[in-house]
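Spelled out, the chains give:
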Amino acid sequence: MQKEKALNCHADMRKNDLIISALKMFCKKGYHSTTINDIVKKAKCSHGLFYHYFKNKKELFDAVCETRGKHMMYFLDKVLEQDSNFVDKLVRLTEYTFNNMKNDQIFAYRYYFFVSRIFEKAENNIMPPKDKVPPHLRMSEFFEKGIESGDFHDRYSPKDCAKIYNSIVQGATLSFILCPKELKRSFTFPSIQIITDIFKKEK
């Protein structure tokens, strides 16, 4: 029984290695430019192992898409529930994102991948069901409420505010992902104060 459990655990780890390796390659090269050979090379496994878990690249891509940032969604909900102004909420959200990227590089890859997917879907007018809207897309609703409360200015629409914010964080994420390993510890993210000042309404 224990042996079977250990084997299943090892299998799950190898499958996860392929998913994480695919995530990294899709971020760096895009879906169409990434080959199965790129993925197995990154995962340090054989083509046979790849086909043991996945029929093709599309099936692996779907598996990557399923690894949604549940923790980020949970954190976003908690922040939105807090009785504080929207500028403070934006600071906390941004701190959470940047701190997680520093402490968990996989988080950074996931963040970049999903924001990229959201932009791609938006360009093609593909909207997810309301109960499956990811946190990045929900930022439009966040800014709408912030403008209504008077915490954010109304020079830009909520949708444009979300695009600006997501683009800034996505750009910082890509810079972090592409940063050489030896420089990641000293990597500096954009100033959270400057980011919030873009949207903050002068009192």
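Residues numbered from 1 in each chain as written. Predicted model: local features only at pLDDT ≥ 70, side-chain atom pairs only at ≥ 80, totals over all residues. Heavy atoms only, no water.

On to the overall build of the chain. When you go through the chain residue by residue, the secondary structure sums to 10 helices and zero strands. When the helices and strands of the chain are placed in sequence order, the string is α-α-α-α-α-α-α-α-α-α. When each of the 203 residues of the chain is scored for burial, the buried share is 39%. A separation of at least 24 residues holds for 68% of the contacts in the chain among residues at least 6 apart in sequence. Surface accessibility of the chain: about 12,400 Å² in total, with carbon and sulfur atoms responsible for 52%. (Helix = DSSP H or I, 4+ residues; strand = E, 2+ residues; numbered from the N terminus. Buried < 20%, exposed > 50% of the residue type's maximum accessible area, 1.4 Å probe, protein only. Contact = heavy atoms within 4.5 Å. Areas by Shrake-Rupley, 256 points an atom, 1.4 Å probe, with all protein chains shown as cover.)

Time to look at the side chain of arginine 14. Structurally, the position occupied by arginine 14 is in helix H1 (residues 2-29). Here lysine 44 takes part through its backbone oxygen, which lies 3.4 Å from a polar atom of the side chain of arginine 14. Among all residues touching arginine 14, those that are not within four sequence positions of it are Ala43, Lys44, Cys45, Leu49 and Tyr53. (Polar contact = N/O pair within 3.5 Å; in protein donor to acceptor, adjacent residues only side chain to side chain.)

Below, the discussion takes up the pattern of salt bridges. Applying the stated rule across the entire model yields four salt bridges. Across the pair arginine 14 and aspartate 17 runs a salt bridge, and its minimum N-O distance is 2.7 Å. Of this pair, arginine 14 and aspartate 17 both sit in helix H1, separated by three residues, roughly a single helical turn. Its relative accessible area of 17% is what places arginine 14 among the buried residues. Put simply, aspartate 38 and lysine 29 hold a salt bridge, and the shortest N to O gap is 2.8 Å. For lysine 29, a relative accessible area of 38% corresponds to the partly exposed category. (Salt bridge = Lys/Arg side-chain N within 4 Å of Asp/Glu carboxyl O.)

In this structure, Phe113, Phe143, Phe152 and Tyr165 are the most contacted members of the largest nonpolar core, which totals 54 residues. Ranked by residue count, the leading element in this core is helix H7 (residues 105-123), at eight residues. The residues contacting tyrosine 165, other than those within four sequence positions of it, are Leu90, Leu93, Thr94, Met139, Phe143, Ile195 and Phe199. (Core = buried A, V, L, I, M, F, W, Y, C linked by side-chain atoms within 4.5 Å.)

Right, let's get into the packing of aromatic side chains. Applying the stated criterion across every chain, the model contains 18 aromatic pairs. With a centroid separation of 5.5 Å and an interplanar angle of 80°, the aromatic rings of phenylalanine 142 and phenylalanine 143 are classed as edge-to-face. Here phenylalanine 142 and phenylalanine 143 have matching classes, each one buried. Centroid distance phenylalanine 152 to phenylalanine 199: 6.4 Å. Interplanar angle 70°. Geometry classified as edge-to-face. (Phe/Tyr/Trp six-rings, centres within 6.5 Å; stacked < 30°, edge-to-face > 60°.)

When pLDDT is averaged along the chain, the result is 80, and 79% of the positions lie at 70 or above. Within the chain, the lowest mean pLDDT, 67, falls on H7, and the highest, 96, falls on helix H10 (residues 192-199). Under a pLDDT of 50 for its full length, residues 2-8 has, in the predicted model, zero contacts with residues more than four places off or in other chains. For the stretch residues 122-131, pLDDT sits under 50, and the model shows five contacts to residues farther than four places along the chain or on other chains. (pLDDT = per-residue confidence, 0-100.)

Turning to helix H4 (residues 57-66), a few remarks are in order. Turning to H4, its buried residues number three or more, namely Lys57, Leu60, Phe61, Ala63, Val64 and Cys65. Capping the start of H4, asparagine 56 holds a side-chain oxygen 3.2 Å from the backbone nitrogen of lysine 58, two or three residues further along.

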